[in-house]
Amino acid sequence: MANYKFKTDVPAPTDDEIGKHKDFSKLRGNYESVTTRSRVPLYKNKKAFLVLVLIVIVAFLMAELLEEKKKENHQQKEQPPKHETN
Amino acid sequence: MNPHHKDETYLRQELEQIEKARINPDGFGVLYEKYYKQIYIFINRRTDNEELSSELCSLTFLKAMLNIQKYTDRGLPFSSWLFRIALNEVNMYYRKHKTERCVSLESKAVRALAGESPAGPDEDSVKRLMLALGRLSEPDMQLIELRFFEERAFAEVGEIVGITENNAKVRIYRILEKLKTLLKGRS
């Protein structure tokens, strides 16, 4: 059940009080800032999405390559030097 | 005459203003000037807070401006659609902040409503009615506020709450029955 705070015969706000908050130019500004903001998400823009996928693939391949190189270096260090015997 | 009733000429003129606002956002200024006071008072009755009323009022008009292309004429004043947005904003505020919901009552309307109870409109029945009102759910309270404390037509009540006129009549009738039961239980 909801909690209510009952107020009886509350006087209506005066025109001055209401007029203080009325500002159409401010509303117009807010409207502009909302509508001019890019509303198409990145994943819905084909070009941007492809570029994003490409960046992710390149980053992934580079990470794999670096990991591979690290492993090779590590293996080379661990292998004991070979002695030639006659 | 119901203060919320508007004739056909008024509604036609208003549709033209809406069309202008659809084409050019600056045209919305006429509707803003026309309805700011009504919407502010509507919100203020439900918040009793000047700053909050102003904030919710701005949000209401911003949403109306952003969604004016979706507005469909149902033979009711544009204000009904604005009241609907405003009510949603008020509801969202209370849902988010979980504070006590403000309900503004006119003692005259409370007495009239109490007159519908079996006990009649004396001081005691008014007190009991207030207690019974406190036990109503939020959607029920909203219907009572719109119909009895703001004296709106069933069609407008339905439009604001998002139900049909008939549904509004049935639901309000049921709420009155519920109030009568609650009052009987307390007497």
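Definitions and limits used
Residues numbered from 1 in each chain as written. Chains lettered and ligands numbered in written order. Predicted model: local features only at pLDDT ≥ 70, side-chain atom pairs only at ≥ 80, totals over all residues. Heavy atoms only, no water. Axes fitted to C-alpha atoms, helices over the stretch in contact; angles between N-to-C directions. Helix = DSSP H or I, 4+ residues; strand = E, 2+ residues; numbered from the N terminus. Left-handed = near helix turned anticlockwise from the far one by under 90°. Contact = heavy atoms within 4.5 Å. Nonpolar A, V, L, I, M, F, W, Y, C, P; charged D, E, K, R; others polar. Buried < 20%, exposed > 50% of the residue type's maximum accessible area, 1.4 Å probe, protein only. Phe/Tyr/Trp six-rings, centres within 6.5 Å; stacked < 30°, edge-to-face > 60°. Core = buried A, V, L, I, M, F, W, Y, C linked by side-chain atoms within 4.5 Å. Domains from an automatic or database assignment.

Another aspect to go through is the packing of helix H7 (residues 138-149) of chain B against helix H8 (residues 154-161) of chain B. Residue and element names in this part refer to chain B. Running from N to C, H7 and H8 point in directions that differ by 145 degrees, and their axes come no closer than 10 Å. Where H7 crosses over H8, the two elements pack in a sense that is right-handed. Touching Leu-143, Leu-146 and Arg-147 of H7 are Phe-154, Val-157, Ile-160 and Val-161, all from H8. Grouping the constituent residues of the contact of H7 with H8 by class yields 6 nonpolar, no polar and 1 charged.

The next point concerns the environment of Thr-60 of chain B. Residues and elements named next belong to chain B. One can find Thr-60 in helix H3 (residues 50-66). By relative accessible area, Thr-60 is classed as buried at 0%. The spacing of Thr-60 and Val-90 is 30 residues in sequence and 9.5 Å in space, taken between C-alpha atoms. Look past the residues within four positions of Thr-60 in its chain and what remains in contact with it is Ile-39, Ile-43, Leu-82, Ile-85, Ala-86 and Glu-89.

A few words now on the packing of aromatic side chains. Tallied over the full model, the rule gives 13 aromatic pairs over all chains. Ring centres of Tyr-71 of chain B and Phe-78 of chain B lie 5.1 Å apart, and the angle between their planes is 75 degrees; on these two criteria the pair is classed as edge-to-face. Neither Tyr-71 of chain B nor Phe-78 of chain B differs from the other in exposure class; each is buried. Judged by centre distance (5.4 Å) and plane angle (75 degrees), the ring pair of Tyr-93 of chain B and Tyr-94 of chain B falls under edge-to-face. The structure contains a cluster of three or more aromatic residues connected by ring pairs, namely Phe-24 of chain A together with Phe-28, Tyr-32, Tyr-36, Tyr-40 and Phe-61 of chain B.

Let's shift gears to the nonpolar core. Within the largest apolar cluster, 62 residues are counted, with the highest numbers of intra-cluster contacts made by Phe-28, Phe-61, Phe-78 and Ile-144 of chain B. There are two domains that each give this core at least three residues, and those are domain 1 (8-97) and domain 2 (107-186) of chain B. Setting aside residues no more than four positions away along its own chain, Phe-61 of chain B makes contact with Leu-27 of chain A together with Phe-28, Leu-31, Tyr-32, Tyr-35, Tyr-36, Ile-39 and Leu-82 of chain B.

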